Every structure is written in structure tokens, then in C-alpha cells.
Amino acid sequence: MDYLEFKIKCLEQFREILIAELSMIGFDSFLETEEGIDAYMLEPDFDRVAFDEVIAQYHEDAQISLEEGLMPKVNWNEEWEKNYDPIAVDDLVYVRASFHPSQPEFKHEIVINPKMSFGTGHHATTFQMLRHQGQIDHQGKRVLDVGSGTGILAVMAHQLGASEVEAFDIDDWCVDNGNENFDLNGLTTRMKLGTIREVNPKGEFDIILANINKNVLLDEMNIYADLLEKEGFLLLSGFYTEDIEDLHDCAKPLGLELISQQSKDNWAALVLRKKPLMSQIN
């Protein structure tokens, strides 16, 4: 059975967003390229209307152009290995696939075989989340990873000394892939399937990690605040620098104080801290 192939040229910061959107309408394989992404789906499963809606939604902002064609089934692992390079986040962590050689000079090393899941460290949001994690004491802490994707942030928390790590994602493929990556990195915890309301994690957590998107973060902010231990940390990314004010305005009334922020390629990442009860009253 043939695959449909879409070679999509787009701005770099939209690659993971488009992968996420296209995976939701049935695309099952992706390759990141120098110019954008290549997306694949079995021909009988293709929904032209849903595809056109996704492309139209991001066409102008992402500067999308695309080519469409047919191709026979291929060895996806072989194709993926040709297009996936390891990355380093400062001297903190080296993120590589299982077929890349180890680099022992880094403090930490994470092995991620992402398949269709999101979060290899290449995107600015994941990169910044990892960097922020390296600046916060995880030793003996209880950590929640919301929308875990490949599980990379949960793995980082484990390597930084967290005593307990919980993770979940709404995509069953991500859950399967995340658990594979947990096994590769020595985590015994299992990623769960569902939204934060469906999974219903039991607080309190010392650190909550949420690299999703602005609308989800705004909708779930009160849940994060309720689950967070006093003086606990909330790390957020998945939104643009111009969205920082909206996130801050939502978090502040919930007793979440902005203590650090950074940006990369117009993508922002925030660190917030839950104020002690006395400070909230005052």
C-alpha cells in the first residue's frame, strides 16, 4: 500500500507544531529536514479536508509551501536515522539517539528515540526547558511532567535526582514511545494516557513541567497551582515571547510568581514559584 508524501517547507519554529497538528489527523511518520518537515500517511487514511484546514491555519504565519506525491512503503527507522543529529544543552546534557556514540564529558546524557513523539531537544521550547531544569534543585523532589511527549523532561528530572517522576500525554503513540525512552534511560515509572483532568495526578509536587501550548497552559494553570507544593516550581514553555504577559497575568492571581524567563527563536520559557501562604495573604 502506497504512502502519501508531503514535503512541507516552513519556518523552523513551526516544525513541531505542524507535526503535532498533522499527527492528530492521522499522519503516522515524519522526517525533519533543513527546510521543514516531510509528512507521510497511508493513502486510504488521508482526509483532504482536515489536511487543508491545518495548512490554511498556519500557512501565512509559518510561510508554508508544499509538494505532494506518492511513495512506496519505506524503512522509516533507516530514513529517520539519516535526519536526526544529537544536540547539547550547554555542558548540562547531551541528547542522542541509541545509534549515536556516547559523549562522557557531559554531566548528563539522555537517549531518545523519538519516532513520532515530540521533544528531542532540537526545538527551542524543549531546549529551554532542559536548561531551566538544570538550574533548579531536583534532588529528592516529586516531579510532574505534563504532556510528556518523548519523555525527555521526565528523564532529565530523573537524572537530576528526583525521587519520584510522574508523566502523561494525550497521544497513545507518545505514551508507548515515552515508555520505551524511559526504559532506555533507567526509569521504572510508566507514562500514563490522558489529559491532566483524566489522569488526575495527586499532589503535591515540588516541580511541575509543562511544555505544551498557550491555550492549554491558560486552561490548566489553576490545576498546576493546586498541585504545586508551596515554594514549588512551575516550568512553562510552548508559547511565543509576546504571550508571556498573558501567561503571567493568568498565573499571578493563583499565587505563582515569575522568577525567571528566557527566549530562543521567539519561543519563551518561564519559571514560576508558588508563594508561601503568608505571602499570598499579604
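Residues numbered from 1 in each chain as written. Predicted model: local features only at pLDDT ≥ 70, side-chain atom pairs only at ≥ 80, totals over all residues. Heavy atoms only, no water.

Broken down by element type, the chain carries ten helices and 14 strands. Relative to the 2.2 N^0.38 estimate, which gives 19 Å for 282 residues, the radius of gyration of the chain is 19 Å and therefore close to what a compact globule would have. Once the C-alpha set of the chain is aligned to its principal axes, its extents read approximately 65 × 40 × 30 Å. Sorting the 282 residues of the chain into buried and exposed places 51% on the buried side. Long-range pairs, those at least 24 residues apart, make up 64% of the contacts in the chain with a sequence separation of at least 6. Per element, the accessible surface of the chain, about 13300 Å² overall, is 46% carbon and sulfur. Of the side-chain charges in the chain, 23 are positive and 52 negative, and the distance between the mean point of each set is 7 Å. (Helix = DSSP H or I, 4+ residues; strand = E, 2+ residues; numbered from the N terminus. Rg over C-alpha atoms; globule rule 2.2 N^0.38 Å. Buried < 20%, exposed > 50% of the residue type's maximum accessible area, 1.4 Å probe, protein only. Contact = heavy atoms within 4.5 Å. Areas by Shrake-Rupley, 256 points an atom, 1.4 Å probe, with all protein chains shown as cover. Lys, Arg positive; Asp, Glu negative; His and termini not counted. Charge placed at Lys NZ, Arg CZ, Asp CG, Glu CD.)

This part covers the sheet that holds strand β1 (residues 3-9). Spatially, the four strands line up as an open sheet ordered β2-β3-β1-β4, and their pairing is antiparallel. Edge positions in the open sheet fall to β2 (29-32) and β4 (65-71), since each of these has one partner strand only. Along the sheet, successive strands turn relative to each other by an average axial angle of 20°, direction set aside. Of the pairings in the sheet, the one linking β1 to β4 comprises seven bridges and is antiparallel in character. Among the inter-strand pairings, isoleucine 8 is bridged to a residue of β4, identified as leucine 66. Across the sheet, helix α1 (residues 15-23) is in contact with β1, β2 and β3 (36-42); its angle to β3 comes to roughly 10°. (Pairing = 2+ DSSP bridges. Axes fitted to C-alpha atoms, helices over the stretch in contact; angles between N-to-C directions.)

Relative to the 20 Å expected for 14 residues at 1.5 Å per residue, helix α8 (residues 214-227) spans 19 Å between its end C-alpha atoms, a close match to the ideal helical length. By the burial criterion, the buried members of α8 are Leu217, Glu220, Met221, Ile223, Tyr224, Ala225 and Leu227. The backbone nitrogen of asparagine 215 has a side-chain oxygen 3.1 Å away, supplied by the residue at the start of α8, namely asparagine 213. (Expected span 1.5 Å × (residues − 1). Polar contact = N/O pair within 3.5 Å; in protein donor to acceptor, adjacent residues only side chain to side chain.)

Turning our eyes to something else, we now look at the confidence of the model for the chain. Interpretation of this model should avoid reading the predicted coordinates in detail wherever pLDDT is low. In the predicted model, the chain carries a mean pLDDT of 89, and the fraction of residues at 70 or more is 90%. Across the chain, strand β8 (residues 142-146) holds the top mean pLDDT of 98, while helix α10 (residues 277-281) sits lowest at 46. Every residue in residues 278-282 scores below 50 in pLDDT, and together they form three contacts with partners more than four places removed in sequence or on other chains. (pLDDT = per-residue confidence, 0-100.)

The subject of this paragraph is helix α2 (residues 48-62). In an α-helix there are 3.6 residues to a turn, and that puts residues three or four apart on one side. The terminal C-alpha atoms of α2 lie 20 Å apart, and with 15 residues this matches the ideal 21 Å at 1.5 Å per residue to within 8%. Of all the bends found along α2, the most pronounced is centred on alanine 56 and spans about 25°. Buried within α2 are the following residues: Ala50, Phe51, Val54, Ile55, Tyr58 and Ala62. Buried residues belonging to α2 abut β1, α1 and β4. The distance from a side-chain oxygen at the start of α2 to the backbone nitrogen of valine 49 is 3.1 Å, and the residue carrying that oxygen is aspartate 47. Just beyond α2, the residue with positive phi is glutamine 63, at close to 55°. (Bend = angle between axes of the 7 residues up to and from the residue.)

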